[in-house]
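Fold and geometry: a report
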Amino acid sequence: MTRSALLVTHTGRRQSTQQAQAVARDLVAAGFEVRVIAEEVDDLELPPGVTPVDDPSAAEGAEIVFALGGDGTFLRAAELARPAKAPLLGINLGKVGFLAEAELQNIDQTVRDIVDGDYTVDERLTLDVRAEYDGRLIADSWALNEVSVEKGQRAQMLELLVDVDGRPLSRYGCDGVVCATPTGSTAYAFSAGGPVVWPEVEALLLVPISAHALFSKPIVTAPTSTFVITVDPYTSFAVLCCDGRRTWDLPPGAQVTVERGQLPVRLVRLKPRPFTDTLVAKFHLPVEGWRGNRR
């Protein structure tokens with residue numbers, strides 16, 4: 001049976017294209033059928049044996065999806081990997097690369113591990129979101145990191161009413177709110193003042209952005225919770241955004257419903273690594289010289 005892999009690359013960076021070429025060559029040499037996104041082919045100068053694909057189902061049947069770039073490339077690759085239930089491996093060729101499993105300096109070993117089947121797969125909780133206005137569906141989407149509802153006009157405050165599990169929680173005069181997964185707790189939600197949540201924890205987060213309210217702290221709920229965010233009919237319009245990639249305008253009176261996603265994203269894990277070590281490495285936390293428990 002032929003093994004197959006899909007490569008998704010940040011072609012705007014020369015380093016990324018060079019690494020994609022090397023990964024493709026190694027996989028083809030190992031007997032993989034290698035697919036790449038059709039619009040990326042001209043920038044990659046890939047070896048013979050690589051198949052261009054131009055279809056939302058590009059990852060269907062693939063053993064693995066490689067995302068070579070930063071977190072933006074990873075989220076783009078997740079859009080293809082999730083519906084196909086294909087495991088996704090991020091190789092960080094960007095700056096922080098919080099979602100990536102591997103770094104540039106160990107890319108050769110990473111490919112060898114995949115070829116040898118020396119990896120495991122974790123599932124990450126996602127969010128499903130839909131937006132409605134006057135009985136009409138405006139948006140129906142999902143997110144791995146977060147769903148945000150933000151003000152559409154810079155000069156005006158946004159008025160939002162938030163319900164949790166069918167009960168009103170609070171009204172916020174704010175710049176917006178972020179609904180996040182544990183995976184996304186280190187992304188936009190973190191910047192807005194939310195807590196860091198370990199990926200293994202099953203929970204949903206709601207973080208107000210610059211709220212003018214006495215109760216403006218982030219909250220963490222059960223993974224079974226449902227958030228309903230209503231744009232006040234007398235406020236300005238808002239913008240719905242999923243993972244910073246897909247956006248819709250929301251008129252006053254629109255309602256956004258956010259709940260646990262039906263489909264997770266499957267992430268490749270190469271070597272067991274405590275999430276604490278990931279936080280220290282990615283945020284450059286000051287632990288040098290610490291005499292605490294190092295076991």
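Because the structure is predicted, anything quoted here is derived from the model rather than measured.

Remarks on the nonpolar core
- Grouped together as the largest cluster of nonpolar side chains are 31 residues, with contacts concentrated most on Val149, Leu240, Leu250 and Val256.
- A per-element tally of this core places strand β11 (residues 158–164) first, with 4 residues.
- Beyond its immediate chain neighbours, meaning those up to four positions away, Leu250 contacts Ala131, Ile138, Val149, Val231, Phe237, Ala238, Val239, Leu240 and Val256.
- Among the nonpolar cores identified, the runner-up in size contains 24 residues, and Ala20, Val23, Leu27 and Val268 belong to it.

Quick word on the sheet that holds β11
- The strand order β9-β8-β19-β16-β11-β12 describes an open sheet built from 6 strands, whose pairing is antiparallel. A strand with exactly one partner marks an edge of an open sheet, and here the two such strands are β9 (136–143) and β12 (167–174). Averaged over all neighbouring strand pairs, the angle between strand axes comes to 20 degrees, with direction disregarded.
- Pairing of strand β16 (residues 226–231) with strand β19 (residues 255–260) involves 5 bridges; the strand directions are antiparallel. Each residue of the ladder has a partner; that of Ile229, found in β19, is Val256.

Focus on the UniProt feature "active site" (unreviewed entry) in the protein chain
- Here the UniProt-annotated "active site" (unreviewed entry) positions come out as Asp71.
- Within the secondary structure layout, Asp71 lies in helix α3 (residues 71–84).
- The class of Asp71 is partly exposed, set by a relative accessible area of 25%.
- With residues near it in sequence (within four places) discarded, Asp71 still touches Gly97, Phe98, Leu99 and Ala100.

Thoughts on the pairing of strand β17 (residues 238–242)
- Where burial is concerned, most of β17 is hidden: 4 out of the 5 residues are buried.
- Relative to β17, strand β10 (residues 146–151) runs antiparallel, the two being bridged by 5 bridges. Across the sheet, the residue bridging to Ser148 is Cys241, located in β17.
- With 5 bridges connecting them, β17 and strand β18 (residues 246–250) associate as antiparallel partners. When the bridges of β18 are listed, Val239 appears paired with Asp249.
- Where β17 hands over to β18, the hairpin turn is made up of 3 residues, of which Asp243 adopts a positive phi near 55 degrees.

Reading the values: rules and limits
- Residues numbered from 1 in each chain as written.
- Predicted model: local features only at pLDDT ≥ 70, side-chain atom pairs only at ≥ 80, totals over all residues.
- Heavy atoms only, no water.
- Core = buried A, V, L, I, M, F, W, Y, C linked by side-chain atoms within 4.5 Å.
- Buried < 20%, exposed > 50% of the residue type's maximum accessible area, 1.4 Å probe, protein only.
- Helix = DSSP H or I, 4+ residues; strand = E, 2+ residues; numbered from the N terminus.
- Contact = heavy atoms within 4.5 Å.
- Pairing = 2+ DSSP bridges.
- Axes fitted to C-alpha atoms, helices over the stretch in contact; angles between N-to-C directions.
- UniProt positions renumbered as here; feature names shortened; annotations may be inferred.

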